[in-house]
Amino acid sequence: MNRAALFDIDGTLVDSNHLHVTSWWEALRQAGHDVSMRAVHRAIGLPAEDLLAQLLGSGRDTDQDEALSTAHDTLYGTYFERLPRLASADELLRALHGEGWRVVLVTSAGGSELDALTKAIGADDAITATASADDVENGKPAPDQVQHALELADATARGSVLVGDSVWDMKAGTRAGVACVGLLSGGIPQADLEDAGAVAVYEDPADLLRHLARSPFARGR
């Protein structure tokens, strides 16, 4: 039976959450929307349509959604050449790959954004596949994306582990039946991650790597 190590990217492997917050905040500000950065931060990790629904409400003018998403993408794109990998993110993926785990990235990113993120991670040799939100009907917190990632890894939920930094990651993984590990590197409080389903929480990829032998990955062996 294959074991899948599923990883969110933004805030989990790449220190990019606050760049997304700034880009969404500015895109919304330019369109005349007064939304706090704290509210934007709490929505990071959702697909763009769901993020806008959370921030602006379901009764918003959805005709603006495409323009807002394009503005965010343009602003965020200015950071592509300097996206910072979180410490030891590449080492963590290689360590798991070396232990026989099939590493699959589970992300809303696609196209040039995904290329920039994987370049920042710098561990293509350890990554089996990528499950994008574009591949499924419903993104996080629905389980669809995680289930698709398991299919790509030819793995079952039992024994597999999802690592993420948002409550949306934890909810999606829990609904798919995989063990969920939370990281604080995305700025979400530990209690929120645990309430959403995290069975263990670590500071960042380096902290998880240091404790790998006593983590949920050890229990999945």
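Before reading further, recall that the structure is shown in the block above.
Residues numbered from 1 in each chain as written. Predicted model: local features only at pLDDT ≥ 70, side-chain atom pairs only at ≥ 80, totals over all residues. Heavy atoms only, no water.

1. Comments concerning the packing of helix 3 (residues 48–56) against helix 4 (residues 65–77)
Right, on to step 1. Where helix 3 meets helix 4, the closest approach of the two axes is 10 Å, and the angle between their N-to-C directions is 105°. Taken together, helix 3 and helix 4 sit at an angle that is classed as roughly perpendicular. Here Ala48, Glu49, Leu52 and Leu56 of helix 3 lie close against helix 4, whose contacting residues are Asp65, Leu68 and Ser69.
Right, on to step 2. Looking at the contact of helix 3 with helix 4 residue by residue, the classes come out as four nonpolar, one polar and two charged. (Axes fitted to C-alpha atoms, helices over the stretch in contact; angles between N-to-C directions. Helix = DSSP H or I, 4+ residues; strand = E, 2+ residues; numbered from the N terminus. Parallel < 35°, antiparallel > 145°, perpendicular 65-115°, else oblique. Contact = heavy atoms within 4.5 Å. Nonpolar A, V, L, I, M, F, W, Y, C, P; charged D, E, K, R; others polar.)

2. Side note on the side chain of Thr118
Right, on to step 1. Positionally, Thr118 belongs in helix 6 (residues 111–121).
Right, on to step 2. Among the polar contacts listed, one links the side chain of Thr118 to the backbone oxygen of Asp115, at a separation of 3.1 Å.
Right, on to step 3. The residues contacting Thr118, other than those within four sequence positions of it, are Leu105, Ala123 and Asp124. (Polar contact = N/O pair within 3.5 Å; in protein donor to acceptor, adjacent residues only side chain to side chain.)

3. Let's talk about the environment of Ala131
Right, on to step 1. Along the chain, Ala131 turns up in strand 3 (residues 127–132).
Right, on to step 2. For the pair formed by Ala131 and Ala53, sequence separation is 78 residues and the distance between their alpha carbons is 23 Å.
Right, on to step 3. Setting aside residues no more than four positions away along its own chain, Ala131 makes contact with Val104, Leu105, Val106, Thr107, Gln145, His148, Ala149 and Leu152.

4. Some words on the pairing of strand 1 (residues 4–7)
Right, on to step 1. In strand 1, alternate side chains face the same way, and those of Ala4 and Leu6 on one face and Ala5 and Phe7 on the other are all buried.
Right, on to step 2. The pairing of strand 1 with strand 2 (residues 102–107) spans four bridges and is classified as parallel. Among the inter-strand pairings, Ala4 is bridged to a residue of strand 2, identified as Arg102.
Right, on to step 3. With three bridges connecting them, strand 1 and strand 4 (residues 161–164) associate as parallel partners. Counted as the bridge partner of Leu6 is Leu162 from strand 4. (Buried < 20%, exposed > 50% of the residue type's maximum accessible area, 1.4 Å probe, protein only. Pairing = 2+ DSSP bridges.)

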